[in-house]
Amino acid sequence: MPAIAIIGAQWGDEGKGKATDLLGSRVDYVVKFNGGNNAGHTVVITQPDGSSEKYALHLLPSGILTPGCTPVIGNGVVVDLAVMFEELDALVARGVDVSRLQISANAHVIAEYNRALDKVTERFLGSRRIGTTGRGIGPTYADKMNRIGIRVQDLFDEKILTQKVEGVLELKNQVLTKIYNRRASTVEGTVEELLSYADRLRPMVSDTGLLLNQALDRGETVLLEAGQATLLDVDHGTYPFVTSSSATAGGACTGSGIPPTRLDRIIGIVKAYTTRVGEGPFPTELHDDAGEHLRKTGAEYGTTTGRPRRCGWYDAVIARYAARVNGVTDFVLTKLDVLTGLEQVPVCVAYDVDGTRHDEMPVNQSDFHHAVPIYEYLPGWWEDISQARTFEDLPANARAYVETVEAMSGARISAVGVGPSRDATVVRHDLV
Ligand code: GDP
Ligand code: IMO
Ligand code: MG
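Cut-offs used in this document
Residues numbered from 1 in each chain as written. Chains lettered and ligands numbered in written order. Predicted model: local features only at pLDDT ≥ 70, side-chain atom pairs only at ≥ 80, totals over all residues. Heavy atoms only, no water. Helix = DSSP H or I, 4+ residues; strand = E, 2+ residues; numbered from the N terminus. Expected span 1.5 Å × (residues − 1). Buried < 20%, exposed > 50% of the residue type's maximum accessible area, 1.4 Å probe, protein only. Contact = heavy atoms within 4.5 Å. Pairing = 2+ DSSP bridges. Core = buried A, V, L, I, M, F, W, Y, C linked by side-chain atoms within 4.5 Å. Axes fitted to C-alpha atoms, helices over the stretch in contact; angles between N-to-C directions. Parallel < 35°, antiparallel > 145°, perpendicular 65-115°, else oblique. Left-handed = near helix turned anticlockwise from the far one by under 90°. Nonpolar A, V, L, I, M, F, W, Y, C, P; charged D, E, K, R; others polar. Near = heavy atom within 4 Å. Polar contact = N/O pair within 3.5 Å; in protein donor to acceptor, adjacent residues only side chain to side chain. Areas by Shrake-Rupley, 256 points an atom, 1.4 Å probe, with all protein chains shown as cover. Domains from an automatic or database assignment. Donors = N, O, S within 2.8 Å, 3.2 Å for Na, K, Ca; no water. Buried area = accessible area lost by both parts, 1.4 Å probe.

Trainee: Could you give an account of helix H3 (residues 112-125), naming the residues involved and the relevant values?
Mentor: An α-helical turn contains 3.6 residues, so any two residues separated by three or four positions project in the same direction. Here H3 spans 20 Å end to end across 14 residues, near enough to the 20 Å set by a 1.5 Å rise per residue. The set of residues buried in H3 consists of Tyr113, Asn114, Arg115, Ala116, Leu117, Asp118, Val120 and Glu122. In this structure, the buried side of H3 is in contact with strand E8 (108-109), helix H4 (137-145), helix H5 (158-179) and helix H6 (187-195). Where H3 terminates, the next one or two residues include Gly126, which has phi positive at roughly 55°.

Below, the structure is given as structure tokens:
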């Protein structure tokens with residue numbers, strides 16, 4: 001029956017992992033459809049004895065933590081095989097059953113030269129750098145679009161793999177040695193490394209598009225979990241300060257093989273304030289004590305690179321944009337607890353660009369770089385809300401914050417996060 005997509009509504013790290021985990025027990029398949037190990041999802045699971053277990057996932061979908069749920073790496077993903085097996089081994093060592101993992105034969109693999117090129121390109125760009133995670137994501141997607149990528153299925157045909165690697169290295173080695181003054185990669189070394197994973201990989205590889213559509217035919221529930229977010233989407237984000245994949249709802253279809261007509265629900269995950277990692281415009285960014293307060297209180301340090309996240313207030317223009325681009329049916333507003341203890345909470349309702357008010361995202365990138373937030377100030381609250389489990393448990397001003405932000409953001413807020421653990425959530429409307 002339902003196919004549900006979980007999408008980041010801002011610049012990533014909204015708490016998609018926790019939201020996926022929250023729904024996990026009610027879904028049969030969880031699919032990662034874009035990105036690779038640039039993603040970092042922290043999931044905190046409270047044990048029956050009250051202790052909590054923390055997991056940091058990068059390449060694997062967060063649903064891998066849910067017993068009985070089948071995790072899928074879709075065709076839209078770029079896979080670093082060394083990282084994937086490391087992540088799987090680490091989960092197995094902690095007692096997680098990973099045996100059901102399915103990987104699309106059409107997913108692309110990240111090769112050593114792609115990682116090298118990601119790093120040297122950033123260094124070469126200097127002050128114009130993107131601030132990538134350095135995992136080879138951009139170069140691998142560029143190869144895919146250039147039709148010179150290596151796919152998972154190529155690992156099962158040594159002759160084809162060797163031909164492809166020969167072809168691609170002819171080009172890459174020119175760039176690596178002549179432009180960047182780096183060591184060339186060898187065909188034998190590259191092929192050998194990729195083939196070393198083939199035997200372990202083979203039983204996990206399938207036609208995942210077929211698998212997922214058949215599951216939907218049987219009435220099972222499929223959750224599509226985005227990496228990154230709307231403003232990092234290669235088409236709809238703050239280009240060129242974006243990632244290289246389709247992180248929006250359209251990407252959920254192309255990256256999984258599930259057609260748009262089968263998507264029932266699009267859940268946008270939006271933080272009660274805003275964060276960003278890496279370079280690029282960010283109108284509500286705070287460079288003062290308030291930003292430091294959000295970073296400290298919200299523990300805003302990257303799960304993947306450990307970089308401090310840039311912090312700012314909630315931006316309703318961005319939320320409305322995300323609602324429009326993705327067709328968001330429900331928002332999950334996360335980390336409301338982090339706003340506790342503020343006298344007033346600013347919310348950006350529009351931008352001022354050189355004296356002109358913009359209620360929508362400016363189409364021109366330069367205008368967005370110059371956008372000055374126009375704030376509305378909402379009254380704060382001091383009560384600890386981390387134990388709230390129903391909307392009525394929240395203090396009046398926190399409820400008013402949720403309702404005001406909801407009215408500005410283009411879709412209903414169906415759940416509110418009040419802490420990192422799975423159960424620290426206020427559900428207003430059922431999500432599955
Ligand atoms: P993702 O990339 O969207 O999955 O998000 P990350 O895992 O990178 O970052 C979100 C962080 O916020 C994680 O450390 C979560 O454990 C934490 N988190 C998620 N929801 C809440 C919440 O409602 N309150 C608090 N305090 N932390 C949360
Ligand atoms: P999750 O899934 C936040 C950012 C990088 C950089 C830009 C391009 O945890 O929300 P890339 O390595 O993808 O080419 O880098 O995108 N970025 C993220 N920022 N959360 C993420 O993932 C991110 N994945 C990439 O910091 O600015
Ligand atoms: Mg993250």
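Trainee: Describe the sheet that holds strand E5 (residues 70-73), and please don't skip the residues or the numbers.
Mentor: Taken together, the 10 strands give an open sheet; going across it, the order is E9-E7-E5-E2-E10-E1-E11-E15-E19-E20, and neighbouring strands pair in mixed fashion. Only two strands of the sheet have a single neighbouring strand rather than two, namely strand E9 (205-206) and strand E20 (425-427). Looking at chain direction, strand E2 (residues 29-32) and E5 are connected through 4 bridges and run parallel. Residue Val30 lies in a different strand from E5, and its bridge partner there is Pro71.

Trainee: How would you summarise H4 if you had to cite specific residues and measurements?
Mentor: Of all the positions in H4, only Ile137, Pro139, Thr140, Tyr141 and Asp143 are classed as buried. Downstream of H4 by a residue or two, Arg147 has a phi angle that is positive, lying close to 65°.

Trainee: I'd like a rundown of the nonpolar core, residues and numbers included.
Mentor: Grouped together as the largest cluster of nonpolar side chains are 45 residues, with contacts concentrated most on Leu65, Ile73, Leu81, Met84, Leu88, Leu91 and Leu201. Residues contacting Met84, with those up to four places away along its chain left out, are Leu59, Leu60, Ile73, Val79, Leu101, Ile103, Leu201 and Met204.

Trainee: Describe the packing of H3 against H5, listing the residues and the values that go with them.
Mentor: The N-to-C vectors of H3 and H5 enclose an angle of 30°; their axes lie 11 Å apart at closest approach. In terms of their interaxial angle, H3 and H5 are classed as roughly parallel. The chirality of how H3 crosses H5 is left-handed. Here H3 contributes Tyr113, Asn114, Ala116 and Leu117 to the contact with H5, which in turn contributes Val168, Leu169, Lys172, Val175 and Leu176. Looking at side-chain class alone, the contact of H3 with H5 contains 7 nonpolar, 1 polar and 1 charged residues.

Trainee: Before we move on, can you summarise the site of ligand 1 with the specific residues and values?
Mentor: Around ligand 1, the surrounding shell holds 17 residues, and the nearest of these are Lys16, Gly40, His41, Thr42 and Asp337. A distance of 3.4 Å separates an oxygen atom of ligand 1 from a polar atom in the backbone of Val418. In this structure, a nitrogen atom belonging to ligand 1 sits 3.2 Å away from a main-chain N or O atom of Gly419. Protein burial of ligand 1: of its 580 Å² of free accessible surface, 93% is covered by the chains. Here the element with the most residues in the shell around ligand 1 is helix H1 (residues 16-24); it accounts for 3 residues. A breakdown of the residues in the shell around ligand 1 according to their chemical character gives 2 nonpolar, 8 polar and 7 charged.

Trainee: So what about the site of ligand 2? Which residues, and what values?
Mentor: Surrounding ligand 2, one finds 20 residues, the nearest of these being Lys16, Asn38, Thr133, Gln228 and Thr243. A distance of 2.9 Å is found between an oxygen atom of ligand 2 and a backbone nitrogen or oxygen belonging to Asp13. One nitrogen or oxygen atom from the side chain of Asn38 is found 2.9 Å from an oxygen atom belonging to ligand 2. Burial of ligand 2 by the protein chains amounts to 97% of its free accessible area of 550 Å². Among the domains, domain 1 (3-102 + 207-427) and domain 2 (108-203) are the pair contributing at least three residues each to the shell around ligand 2.

Trainee: Please set out unusual backbone geometry residue by residue, giving values where relevant.
Mentor: Where the residue is not glycine, phi is negative for most of them; where a peptide bond is considered, it is trans in most cases. Following Tyr239, the chain continues into Pro240 via a peptide bond in cis, with omega recorded as 10°. With respect to the helices, strands and loops of the structure, Pro240 is situated in the loop between strand E10 (222-225) and helix H9 (249-254). A positive phi angle, near 50°, is found at Asp354, a position not held by glycine. Under the relative-accessibility criterion, Asp354 is labelled exposed at 66%.

Trainee: Talk me through the coordination of the magnesium ion (ligand 3); I want residue IDs and the actual numbers.
Mentor: Looking at the metal site, the magnesium ion (ligand 3) is ligated by Asp13 (OD) and Gly40 (O), spaced 2.0 Å from it. Of this pair, Asp13 sits in the loop between strand E1 (3-8) and H1 while Gly40 sits in the loop between E2 and strand E3 (41-46), and the two are 27 residues apart along the sequence. Assessed through its relative accessible area of 21%, Asp13 is described here as partly exposed. Residue Gly40 is classed as buried on the basis of its relative accessible area of 12%.

Trainee: Just give me the short version of the domain arrangement of the protein chain, but keep the residues and values in it.
Mentor: Under the domain assignment used here, the protein chain contains domain 1 (3-102 + 207-427) and domain 2 (108-203). Each of domain 1 and domain 2 has a C-alpha centre, and the two are 29 Å apart. Contacts between the two partners involve 27 residues from domain 1, matched on the other side by 19 residues from domain 2. Of all residues in domain 1, Val78, Leu81 and Phe85 bury the most surface against domain 2, accounting for 29% of the area lost on that side. The interface formed by domain 1 and domain 2 includes 9 residue pairs in polar contact (both at pLDDT 80 or more). Elements with a contribution of two residues or more to the side of domain 1 that touches domain 2: strand E6 (78-79) and helix H2 (81-93). Residues of the side of domain 1 that touches domain 2, tallied by class, amount to 10 nonpolar, 13 polar and 4 charged.

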